[in-house]
Amino acid sequence: MNILVTGGAGYIGSHTVRALLQAGFTPIILDNFSRGHHGSIPEGVKTIEMDIADPQVVNVLKDNDIKGIMHFAAHSQVGESMQNPAIYYENNVVGSYHLIESARKAGVNHFVFSSTAAVYGEPKVIPIQENAELSPTNVYGRTKLMIEDMLKDYSSIYGSTYVALRYFNAAGADASGTIGEDHSPETHLIPLVLDAALGKRPHITVFGTDYDTLDGTCIRDYIHVSDLATAHVLAMRYLLDGGASRSFNLGSGNGFSVKAIIETAREVTGVDIPVVYGERRAGDPSTLIASSEAIKSILGWNPEHSELHQIIGDAWHWHQQHPNGFDDK
Ligand code: UFG
């Protein structure tokens, strides 16, 4: 069965392409390669270089007998979204609108959408459940929420169905070490810590030590990218089997502080990673931990790879083998 994977050459998309192959689906990648990597695509996977807003997407969907869409293609950096909102509204919101319309015209009725914990903003209750208040504090989170709303409206008006997967902190890499995280510029904690371990950066800066947490640094819920990938396959099966539209959180349910991440990375790498303590980064909530009970009970999802040493170990494997990422820019 053919599944279109937009942004299939990106970090989470490329891991999900492998999960689809393993589950017996035929992924077809649609990517404009503005941020994706040719080197992340497995041999033999059909790849179409096209923007999600291109009117030709209707023909791609029809010509390839697409049964469902996994929609990853998006800009995804919180900081960038606050400096350059236009590209987030254009690429994420307008681009997704065109994609959703193309799907409607082509009669493709199922969407698995890559959403984010950023739709919640600063949470009032931890762990965060799906029915918590949706109050994003940055443009990136707002664009993802707008897309969830569009999918919801299309679902109730046209009868199409979707699952929005709200990721917490995606991290790690495929156990093979052949694909992994390669953003430019990199802003995420674990790859930056590992770059410091490799000597590519002089140190890691901890953004704030005065949060209301046990050690004063921010707490996040890190989830292995391979566990995210598995959830997408389960969500697509659920929709194909007639499941109703809804959103699910995706996290491990465990919170780790920035200091704990650095300590674990020291253990995994054997490198005494240099640390500098800096100011808070604007807009960072103190603590984000997911309740993922809904997806566990409804889809039977189980995060098998998300023990912290495994997340950092797999990321380290990738970084050691590919210190310059895919090296294709
Ligand atoms: N951090 C540092 N130093 C760094 C980089 C990050 O101390 O050099 C800290 C941050 O302050 C934060 C934690 O490490 O407390 C994790 O930061 P990341 O940038 O790795 O991830 P975020 O939690 O900021 O972002 C994640 C996702 C976003 C999503 C957001 C929701 O990557 O896509 O959660 O709040 F929008």
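Details of the structure are given in the entry above.
Residues numbered from 1 in each chain as written. Predicted model: local features only at pLDDT ≥ 70, side-chain atom pairs only at ≥ 80, totals over all residues. Heavy atoms only, no water.

Draft legend 1. Quick peek at the site of the ligand. The environment of the ligand is made up of 20 residues, and the closest members are L189, T205, R220, R281 and D284. The separation between a nitrogen atom of the ligand and a polar main-chain atom of T205 is 2.7 Å. Contacts to the ligand include D284, whose side-chain N or O atom sits 2.6 Å from an oxygen atom. Surface burial for the ligand is 91%, taken as the share of its 700 Å² of free accessible area covered by protein chains. Listed by contribution, the elements that provide at least two residues to the shell around the ligand are α6 (189–198) and β8 (204–207). The element contributing the most residues to the shell around the ligand is β8, with 4 residues. Tallied by class, the residues present in the shell around the ligand amount to 12 nonpolar, 5 polar and 3 charged. (Near = heavy atom within 4 Å. Polar contact = N/O pair within 3.5 Å; in protein donor to acceptor, adjacent residues only side chain to side chain. Areas by Shrake-Rupley, 256 points an atom, 1.4 Å probe, with all protein chains shown as cover. Helix = DSSP H or I, 4+ residues; strand = E, 2+ residues; numbered from the N terminus. Nonpolar A, V, L, I, M, F, W, Y, C, P; charged D, E, K, R; others polar.)

Draft legend 2. Geometry of the sheet that holds strand β2 (residues 26–31). Taken in spatial order, the 7 strands of this open sheet run β3-β2-β1-β4-β5-β6-β11, and their pairing is parallel. Strands with a single pairing partner mark the edges of an open sheet, and in this sheet they are β3 (47–49) and β11 (246–250). Direction aside, the axes of adjacent strands within the sheet are offset by 20° on average. Packing of helix α7 (residues 225–240) onto the sheet brings it into contact with β1 (2–6), β4 (66–71), β5 (110–116), β6 (161–167) and β11, and relative to β6 it is tilted by some 160°. (Pairing = 2+ DSSP bridges. Axes fitted to C-alpha atoms, helices over the stretch in contact; angles between N-to-C directions. Contact = heavy atoms within 4.5 Å.)

Draft legend 3. Representation of the pairing of β5 in the model. Most of β5 is tucked away, with 7 of its 7 residues classed as buried. Because side chains alternate across β5, one face comprises the buried residues H110, V112, S114 and T116, and the other comprises F111, F113 and S115, equally buried. Relative to β5, β4 runs parallel, the two sharing 3 bridges. Residue pairing in the sheet places M70 in a bridge with V112 of β5. Bridge analysis of β5 against β6 gives 7 bridges, and the strand direction is parallel. Across the sheet, residue V112 finds its bridge partner in β6, namely V163. (Buried < 20%, exposed > 50% of the residue type's maximum accessible area, 1.4 Å probe, protein only.)

Draft legend 4. Seen up close, the nonpolar core. Ranked by size, the top nonpolar core spans 35 residues in total, and within it L165, L250 and I295 carry the most contacts. Looking at this core, the elements that each hand over two or more residues are β1, α1 (11–22), β6, α7, β11 and α9 (293–299). The leading source of residues in this core is α7, at 9 residues. Excluding its chain neighbours within four sequence positions, the residues that come into contact with L250 are L165, R166, Y167, F168, I223, L228, A231, S292, I295 and W301. (Core = buried A, V, L, I, M, F, W, Y, C linked by side-chain atoms within 4.5 Å.)

Draft legend 5. Quick peek at empty space enclosed by the protein. Under the defined criterion, the tally for this structure stands at 1 cavity of 30 Å³ or more. A volume near 40 Å³ is recorded for the largest cavity. If you trace the largest cavity, you find it lined by A171, G172, A173, G180, E181, I190, P191, L194, A315, W318 and H319. Put simply, the parts of the chain that give the lining of the largest cavity at least two residues each are α6 and α10 (308–321). Residues belonging to the lining of the largest cavity are distributed by class as follows: 7 nonpolar, 3 polar and 1 charged. (1 Å grid on protein atoms, 1.4 Å probe; cavity = no way out; pocket = protein on both sides within 12 Å on 5 of 7 lines; lining within 4 Å. Points joined across faces, edges and corners; volume = space filled by probe spheres on them.)

Draft legend 6. View of the packing of aromatic side chains. Summed over all chains, the structure comprises 4 aromatic pairs. Ring centres 6.5 Å apart and planes at 85° place the aromatic pair Y88 and Y140 in the edge-to-face group. Of the two residues, Y88 is situated in helix α4 (residues 85–106) and Y140 in helix α5 (residues 139–158); the sequence distance between them amounts to 52 residues. Y140 shares its class with Y88; the two are buried. Ring geometry for W318 and F326: centres 4.9 Å apart, planes at 50°, overall tilted. (Phe/Tyr/Trp six-rings, centres within 6.5 Å; stacked < 30°, edge-to-face > 60°.)

Draft legend 7. Summary view of α7. In this model α7 runs 23 Å from its N-terminal to its C-terminal C-alpha over 16 residues, within 8% of the 22 Å that 1.5 Å per residue would give. Counting buried residues along α7, 12 of its 16 residues qualify, which places the element largely inside the surrounding structure. Looking at α7, one finds that the buried residues are V225, S226, D227, L228, A229, A231, H232, V233, A235, M236, Y238 and L239. Phi turns positive one or two residues past the end of α7, at G242, with a value near 100°. (Expected span 1.5 Å × (residues − 1).)

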